[in-house]
Amino acid sequence: MKCPGCKHDNPEDAKFCNRCGQRLEPLCPKCGKINPPGSKFCNACGLPLSATSENPSHGQKEPVLETQGERKYVTVLFSDLSGYTAMSERLDPEDVKEITTEIFGEVAKVISKYEGFVEKYAGDAVMAIFGVPEVHEDDPARAIRAALEIHDLVAKISPGVEAKIGRPLTMHTGINSGLVVTGKVNLDKGVHGMAGDTINVAARLSSAAEANNILVGKRTYGRAEGYFEFEEMLPIKAKGKEEPVKNYRVISLREAPLTLHRLTGLKADLIGRQVEMAELREAVDELYDGKGTIFSICGDAGTGKSRLIEEFKNTLNHKNIQWLEGHAYAYAQNIPYFPLINLLSRIFQINEGDPPEKIREKIEIGILSLKSGETEAIPYVGNLFSLSYPEVEDISPEFWQSKFKESIWMILASLVQNNPTVILLEDLHWADQSSVELLRDILMEFRHPALLICLYRPQFSLFSGHQTAALGGIYHEIILRDLSLTESQIMVQSLLKTDVVPKALQRFLQTKVEGNPFYLEEVINALIDSGVLREDNGSWELTSEIRESEVSSNINGVITARLDRLERESRRVLQEASVIGRSFLYDILTQITELKDQCERYLLGLERLDLIRAKSLKPDLEYIFKHALTQEVVYNSLLKKERQKIHERIGSVMEQLFQDRLPEFYETLAFHFKQGQSIHKAIDYLTRSGEKSLGRYAIDEANKHFEEAFEILSNKTNRSEDEDVQLVSLIMKWAYVYYYRGDFRGLTELLNDHKSLAQSISDKSLTGMFFGWLGMSLWAREEYRASQRYLLEALQIGEQINNWKVIGYACTW
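Quick caveat, the model's predicted, so the values are computed rather than measured.

1. A short note on the overall build of the protein chain
When its secondary structure is counted, the protein chain shows 31 helices and 18 strands. Taking all 813 residues of the protein chain together, the buried fraction comes to 52%. When the accessible area of the protein chain is evaluated, it comes to approximately 38,100 Å², of which 47% is carbon and sulfur surface.

Take a look at the structure:
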């Protein structure tokens, strides 16, 4: 085995170098596992151990590519040395070799600096690739910067050579971005696998460039225009191409880089929603006159609810209009009052990473700053964020709910007095029942000058028929449906910024995608990403037949097709993020991902692809999937066993990150551990979530949590004695839900089904409470003889074990 340090040849079974003493076992750069000598792959994580080996010639990392060919969007650089022929004619071959070795050695360092790699040397030319194996959002800019530095370094070397050969040395470079087909690359063995028209065009641009000029193709120009000054040149006739190649000469770096619109991620104008927009604008006019309005905007996923609101928001003068919003998320359906927590967090600028003391401070300052300034609301709002206040410690759930409703009413009423206000509540189909009921109560009585907009899908209904009638003229409902055939065609034209859409594309969209705006937008972007749909000289064309494997017939297939084109590492990060949820904290992701060191880079790439976006930057960086459907599809792409492992890691990380404020996250922890492998933790957090909901009189949510815990535990085979005790304890806590609902039939059936279990456990205090509950439940059903029998049995058990709680309850009932 050759020592990586001193290059000494050692025996194959050597663990340390005989000459310098360096450890010889391959160390996995990903997981840190030390592997036996001769290992080609890590025996812990499977990473190729040669993946990060250095190329001794130029100090570049060997690209790790798939052995099978793949399509990659890259930037290709061809740089040619002018003056090489004159130098060869006038200098000794040994001197020529020394000069070229110096030049191309420095060239390799520059390319490596910008994380490209030298694909090949060809006499007096070098070809480099940017985007393989690692894609960067600014690969075209990196390639141009590398070219500028290469030109500068040759210019510095030139004076010493010019005196000998009678002419200067210069470089002339061509750069082009586009699709290539890649194969296995091994720099040590000289195995390369790049093919495609992009490379040919880059070489042609290099040949056409004059001395010391850098010519770039149209796509490179489009992606780098914000970083450099360019001059458009006359089109070049290239071999094998019918149309001349547009090209641009690099002049210099821009002093102040500009952010430009990307070619991918195209966005259409708002199509087919003029009537709805007019209704919202009319409501704003009435708002200025002091009249409030309530809007429900209902539509299937992808029909453009959020887009309509985005465009509407952009029309407002935010100096005169106050905008407030709260969101519900799918993962938070069983968290009581989550949309209100979200709304209040935005109002009081509470961030998920804030410590309890900071949350308390923000709530108190925020409420005191309101015109009403009612301090009585502080404990109830603070309690919603799991803060402790003595005022709410010993009150009943019913009283807490009543006072909490008053507090929310007061806060909203105070806020809308400041300025004309728009309040947006998004994705209410994912709201918990307690939030919905509270929202209904508030809206039924809310007559302040505010525009309230509620967004949800058709499976949800905000108001009943008689409630809608009671609201009268202040309530309006907008139902968004798919676009018509004509509107769909207009949208595609708007996306592509052209009136001429390929007929094959039109047919495919009509038969496979129909009129869902989201589907249309995603399909077009996916086709552009794959290169099937390409712009050429201002017009769009299909480069090949649209196949089912390219774009599936439904939105899940569309998203999956886009995800399949991601690099393995980017896809992995996206999958891990999807397990966290629709929105995910950077801190959680970096602790659970397998790609900790690379995570930030891949997130930037995913942002560029418009799959995710930064939701907030301070105090904690948080991302959100652009679409909820994207997160669902990515999540479902993971094997169940893999999902379990990631859920487990997320739960463990959250326990550490939020150990000082766990009650806020009981429901989320319960979800992750239930989906993970820690059954007992799942049951524990589900039970805690149920008790938390019960304390806020969120009866439906409490029931869901207790029921989930019960199903897990009751269906477990070969339960231990401790687990039997846990099950009976859970039933005792669940009994309060039945009590508050008045469902004594259901409670009696539940208790009767588990009588034998309650009698068999060793914890007699639980057995006593169990029979006490059974007796009370039978009494409520007017089964007085049976009720008395079980209550007396409970009393007898309490007296035998001298447990005053059992005695007290038995006597009371």
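2. Here we look at the pattern of salt bridges
Side chains that differ in sign of charge can pair as their charged atoms come close. Inspection of the entire model under this criterion finds 30 salt bridges. Note that Arg 649 and Glu 576 form a salt bridge whose closest N and O atoms lie 3.8 Å from each other. Placement of the pair is Arg 649 in helix H22 (residues 640-657) and Glu 576 in helix H18 (residues 568-580), with a sequence separation of 73 residues. Judged by relative accessible area, Arg 649 falls into the partly exposed class, the value being 28%. Taken together, the shared-partner salt bridges connect Arg 572, Glu 576, Glu 594, Glu 642 and Arg 649 into one network.

3. A look at the packing of helix H29 (residues 764-780) against helix H30 (residues 784-801)
How two helices sit against one another is set out by the angle between their axes and by the gap between those axes. Closest axis-to-axis distance for the H29/H30 pair is 8 Å, and the angle between their directions is 160°. In terms of orientation, H29 and H30 fall into the roughly antiparallel class. Every pair of crossing elements has a handedness; the one defined by H29 and H30 is left-handed. Between H29 and H30, the contacting residues are Lys 764, Ser 765, Thr 767, Gly 768, Phe 771, Gly 772, Leu 774, Gly 775, Met 776, Leu 778 and Trp 779 on the first element and Tyr 784, Ala 786, Ser 787, Tyr 790, Leu 791, Glu 793, Ala 794, Ile 797 and Ile 801 on the second. A per-class count over the contact of H29 with H30 returns 12 nonpolar, 6 polar and 2 charged.

4. Re helix H2 (residues 93-113)
One turn of an α-helix holds 3.6 residues; hence residues three or four places apart share an orientation. For H2, which comprises 21 residues, the first-to-last C-alpha distance of 30 Å matches the rise-based estimate of 30 Å (1.5 Å per residue) to within 8%. If you check which residues of H2 are buried, you get Val 96, Ile 99, Thr 100, Ile 103, Phe 104, Gly 105, Val 107, Ala 108, Val 110 and Ile 111. Glu 115 sits one or two positions beyond H2 and adopts a positive phi of about 60°.

5. Structural notes on the nonpolar core
The biggest cluster of nonpolar side chains holds 79 residues, and the ones touching the most others in it are Phe 584, Leu 589 and Leu 603. Among the elements that line this core, the one with the most residues is helix H26 (residues 721-741), at 10 residues. Counting residues in each nonpolar core, the second largest holds 54 residues, with Ile 350, Leu 384, Phe 385 and Ile 411 among its members.

6. Structural notes on the pairing of strand E2 (residues 117-122)
Sheet topology note: the E2/strand E3 (residues 125-130) ladder contains 5 bridges and is antiparallel. In the sheet register, Ala 122 faces E3, and the bridge partner there is Ala 125. In textbook terms, the turn of a hairpin is the stretch between consecutive antiparallel strands, and for E2 and E3 this stretch comprises 2 residues, one of which, Gly 123, has a positive phi near 65°.

7. Points about the sheet that holds strand E17 (residues 612-616)
If you trace the 3 strands from one edge of the open sheet to the other, you get E16-E18-E17, paired in antiparallel fashion. Each edge of the open sheet is held by one strand with a lone partner, namely strand E16 (583-585) and E17. Strand-to-strand, the axes of this sheet are offset by a mean angle of 35°, without reference to chain direction. Note: E16 against strand E18 (residues 622-625), 3 bridges, orientation antiparallel. In the sheet register, Leu 585 faces E18, and the bridge partner there is Glu 622.

8. Considerations on the packing of helix H25 (residues 699-714) against H26
Two elements in contact, H25 and H26, have axes whose closest approach is 10 Å; the angle formed by their N-to-C orientations is 155°. It follows that H25 is roughly antiparallel to H26 by the angle criterion. The crossing of H25 and H26 is left-handed. Facing H25, whose interface residues are Ile 699, Asp 700, Ala 702, Asn 703, Phe 706, Glu 707, Ala 709, Phe 710, Leu 713 and Ser 714, H26 presents Glu 723, Gln 726, Leu 727, Leu 730, Ile 731, Lys 733, Trp 734, Val 737, Tyr 740 and Arg 741. For the contact of H25 with H26, a count of residues per class yields 12 nonpolar, 3 polar and 5 charged.

9. Side note on the sheet that holds strand E10 (residues 322-327)
In space, the 5 strands of this open sheet follow the order E10-E11-E12-E9-E13, with parallel pairing throughout. Lying at the two open borders of the sheet, with one neighbouring strand each, are E10 and strand E13 (475-480). Going from strand to strand, the sheet's axes swing by 15° on average, the running direction of each strand aside. Here helix H11 (residues 397-418) sits on the sheet and contacts E10, strand E11 (421-426) and strand E12 (450-456); the angle it forms with E11, its principal contact strand, is near 135°.

10. Quick word on the confidence of the model for the protein chain
When pLDDT is averaged along the protein chain, the result is 82, and 84% of the positions lie at 70 or above. With pLDDT under 50 throughout, residues 259-264 is counted as low confidence; its partners more than four residues away or in other chains account for 10 contacts. Every residue in residues 548-554 scores below 50 in pLDDT, and together they form 13 contacts with partners more than four places removed in sequence or on other chains.

11. What about unusual backbone geometry?
Most of the time, phi is negative for any residue but glycine, and the peptide bond is trans. Residue Gln 349 is not a glycine yet carries a positive backbone phi of 55°. Position of Gln 349 relative to the elements: it lies in the loop between helix H8 (338-347) and helix H9 (356-368). Unusually for a residue other than glycine, Lys 497 sits at a positive phi of about 55°. Note that Lys 497 resides in the loop between helix H14 (485-496) and helix H15 (503-513).

12. Focus: a negative patch on the surface
On the surface, Asp 92, Glu 94, Asp 95, Glu 98 and Glu 102 cluster together to form a negatively charged patch. Inspection of the secondary structure puts Glu 98 in helix H2. Since its relative accessible area comes to 56%, Glu 98 is described here as exposed.

13. What to know about the environment of Phe 744
Among the secondary structure elements, Phe 744 is positioned in helix H27 (residues 744-753). Its relative accessible area of 17% is what places Phe 744 among the buried residues. Separated by 30 residues in sequence, Phe 744 and Leu 774 have C-alpha atoms that sit 9.6 Å apart. Among all residues touching Phe 744, those that are not within four sequence positions of it are Tyr 739, Met 776, Ser 777, Ala 780 and Arg 781.

14. Here we look at the packing of aromatic side chains
In the structure shown here, the tally under the stated rule is 27 aromatic pairs. With a centroid separation of 5.3 Å and an interplanar angle of 90°, the aromatic rings of Phe 463 and Tyr 475 are classed as edge-to-face. Taken together, the residues span a long stretch of sequence, with Phe 463 in the loop between E12 and helix H13 (465-471) and Tyr 475 in strand E13 at a distance of 12 residues. Accessibility expressed as a relative area gives 11% for Tyr 475, which makes it buried. Each residue in the set Tyr 697, Tyr 736, Tyr 739, Tyr 740, Phe 744, Trp 773, Tyr 809 and Trp 813 is aromatic and connected to the rest through ring pairs, giving one cluster. Against the face of Tyr 790 rests Arg 789, its NZ or CZ located 5.0 Å from the ring centre.

15. Some thoughts on the pairing of E18
Consecutive side chains along a regular strand alternate between the two faces of the sheet. Side chains of E18 alternate between two faces, with Glu 622 and Ile 624 and Tyr 623 and Phe 625 buried alike. Here E17 runs beside E18; their pairing, made up of 4 bridges, is antiparallel. In the sheet register, Ala 614 faces E18, and the bridge partner there is Tyr 623.

16. Observations regarding the environment of Tyr 736
Tracing the chain through its elements places Tyr 736 in helix H26. Of the residues examined, Tyr 736 reaches a relative accessible area of 29% and is grouped as partly exposed. Excluding anything up to four places from it in sequence, Tyr 736 contacts Leu 694, Trp 773 and Tyr 809. Of the polar contacts made by the side chain of Tyr 736, one reaches the side chain of Tyr 809; its length is 3.5 Å.

Criteria and cut-off values
Every chain is numbered independently, its residues counted from 1 as its sequence is written. With pLDDT at 70 or above as the cut-off, local features in this predicted model cover only qualifying residues; side-chain atom pairs require 80 or more to be listed or tallied, and sums for whole chains, interfaces and linings still use all residues. Only heavy atoms go into the side-chain values, all of them from the structure, while hydrogens and water stay out. A run of H or I in DSSP counts as a helix once it spans at least four residues, and a run of E counts as a strand once it spans at least two, with each numbered from the N terminus. Here's how the labels work: a residue is buried when its accessible area is under 20% of the maximum for its type, exposed when over 50%, partly exposed in between, all with a 1.4 Å probe on protein chains only. Computed by Shrake-Rupley with a 1.4 Å probe, the accessible areas treat only the displayed protein chains as cover when residues are assessed. One speaks of a salt bridge when a side-chain nitrogen belonging to Lys or Arg is within 4 Å of a carboxyl oxygen belonging to Asp or Glu. Every axis in this analysis is a line fitted to C-alpha atoms, fitted for helices over the stretch in contact. Angles between the N-to-C directions lie between 0 and 180 degrees. Throughout this description, any angle smaller than 35 degrees is read as roughly parallel, any larger than 145 degrees as roughly antiparallel, any in the 65 to 115 degree range as roughly perpendicular, and the remainder as oblique. Left-handed is the label given to a crossing in which the near helix is rotated counterclockwise from the far helix by less than a right angle, and right-handed is the label when the rotation is clockwise. Whether two residues touch is decided by their heavy atoms; if any such pair falls within 4.5 Å, the residues are in contact. Asp, Glu, Lys and Arg are counted as charged, while Ala, Val, Leu, Ile, Met, Phe, Trp, Tyr, Cys and Pro are counted as nonpolar; the rest, among them Gly, fall into the polar class. One less than the residue count of a helix, multiplied by 1.5 Å, gives the span that helix is expected to have. In this text, buried Ala, Val, Leu, Ile, Met, Phe, Trp, Tyr and Cys residues form a nonpolar core when linked through side-chain atoms within 4.5 Å. For two strands to be treated as a pair, DSSP must find at least two bridges joining them. Confidence scores labelled pLDDT are given residue by residue by the predictor and lie between 0 and 100. Note on patches: the residues involved have over 30% relative accessible area and no salt bridge, like charges join within 9 Å, and the nonpolar side chains Val, Leu, Ile, Met, Phe, Trp and Tyr join within 5 Å. His is not counted here, nor are the chain ends, while Lys and Arg score as positive and Asp and Glu score as negative. Where a charge lies is defined by one atom per residue type, namely NZ (Lys), CZ (Arg), CG (Asp) and CD (Glu). Here the aromatic set is Phe, Tyr and Trp, taking the six-membered ring for Trp, and pairing holds for ring centres within 6.5 Å; pairs whose planes are under 30 degrees apart are stacked, those over 60 apart are edge-to-face, and all others are tilted. Consider the ring centre and the ring normal. A charge sits over the ring if Lys NZ or Arg CZ is within 6 Å of that centre and within 35 degrees of that normal. N or O atoms within 3.5 Å of each other form a polar contact, as long as, within protein, one can give a hydrogen and the other can take it, and as long as residues adjacent in sequence are counted only when both atoms are side-chain atoms.

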